[in-house]
Amino acid sequence: MVTTVQGEAVLRQLSSLGHATNLELHAALAESMPTLSLPSVHRITARMVERGQVGLGPSDGRTVVLDARAETHDHFVCAACGGIVDLELSPAVISAIQEQLGQHLVRDGITIRGRCETCRRSEDHPKKE
Ligand SMILES: [Zn+2]
Ligand SMILES: [Zn+2]
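The model shown is predicted, which means the values in this text are computed figures rather than measured ones. (Residues numbered from 1 in each chain as written. Chains lettered and ligands numbered in written order. Predicted model: local features only at pLDDT ≥ 70, side-chain atom pairs only at ≥ 80, totals over all residues. Heavy atoms only, no water.)

Colleague: Can you break down the coordination of the zinc ion (ligand 2) residue by residue, with the values?
Modeller: For the zinc ion (ligand 2), the full set of protein donor atoms is His 19 (NE2), Asp 67 (OD), His 73 (NE2), His 75 (NE2) and Asp 86 (OD), at a range of 2.1 Å. Each donor residue of the zinc ion (ligand 2) lies on the same chain, and together they follow the pattern H-x47-D-x5-H-x1-H-x10-D. One end of the pair, His 19, is in strand 1 (residues 19–20); the other, Asp 67, is in strand 3 (residues 66–67), with 48 residues separating them in the sequence. Taking the relative accessible area as the measure of exposure, Asp 67 reaches 1% and is therefore buried. (Donors = N, O, S within 2.8 Å, 3.2 Å for Na, K, Ca; no water. Helix = DSSP H or I, 4+ residues; strand = E, 2+ residues; numbered from the N terminus. Buried < 20%, exposed > 50% of the residue type's maximum accessible area, 1.4 Å probe, protein only.)

Colleague: Explain the nonpolar core to me, using residue names and the numbers behind them.
Modeller: Residues Val 10, Leu 14, Leu 25 and Leu 36 are the most contacted members of the largest nonpolar core, which totals 13 residues. Those elements that place two or more of their residues in this core are helix 1 (4–17), helix 2 (22–29) and helix 3 (38–51). When residues no more than four places from it in sequence are discounted, the contact partners of Val 10 are Leu 25, Leu 29, Leu 36, Ile 44 and Thr 45. (Core = buried A, V, L, I, M, F, W, Y, C linked by side-chain atoms within 4.5 Å. Contact = heavy atoms within 4.5 Å.)

Colleague: Provide a residue-level description of the coordination of the zinc ion (ligand 1), including the pertinent values.
Modeller: Distances from the zinc ion (ligand 1) to its protein donors, namely Cys 78 (SG), Cys 81 (SG), Cys 116 (SG) and Cys 119 (SG), fall within the range 2.2 to 2.3 Å. Every donor residue of the zinc ion (ligand 1) comes from the same chain, spaced as C-x2-C-x34-C-x2-C.

Printed below as a string of structure tokens:
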């Protein structure tokens, strides 16, 4: 049985994380809700996605990434650490991309891949100061 309290806790946790997998949500809630099982988290989030309460973020196709923002938006994903940042691309940018795509249709937001600030810092060899 999934309780309302559990559902609310999952939603609150997702809102504070922004984007998270079921596994991450479960891990984050394990301490405060030890009775909440991973299958329950799966059930709770699946229902929320169905209801349009939460969205789906960019994923590698293997793991579902839940998004606290249900409406379609764009993302930056760090290829090194998998960190996800919300983006708002302007309609001009999206139509420029659409032009290149021809018959392919831009839908469900655009995902840009790169290196986040933290990963860039750890990659760059520190210069002499
Ligand atoms: Zn990163
Ligand atoms: Zn997002």
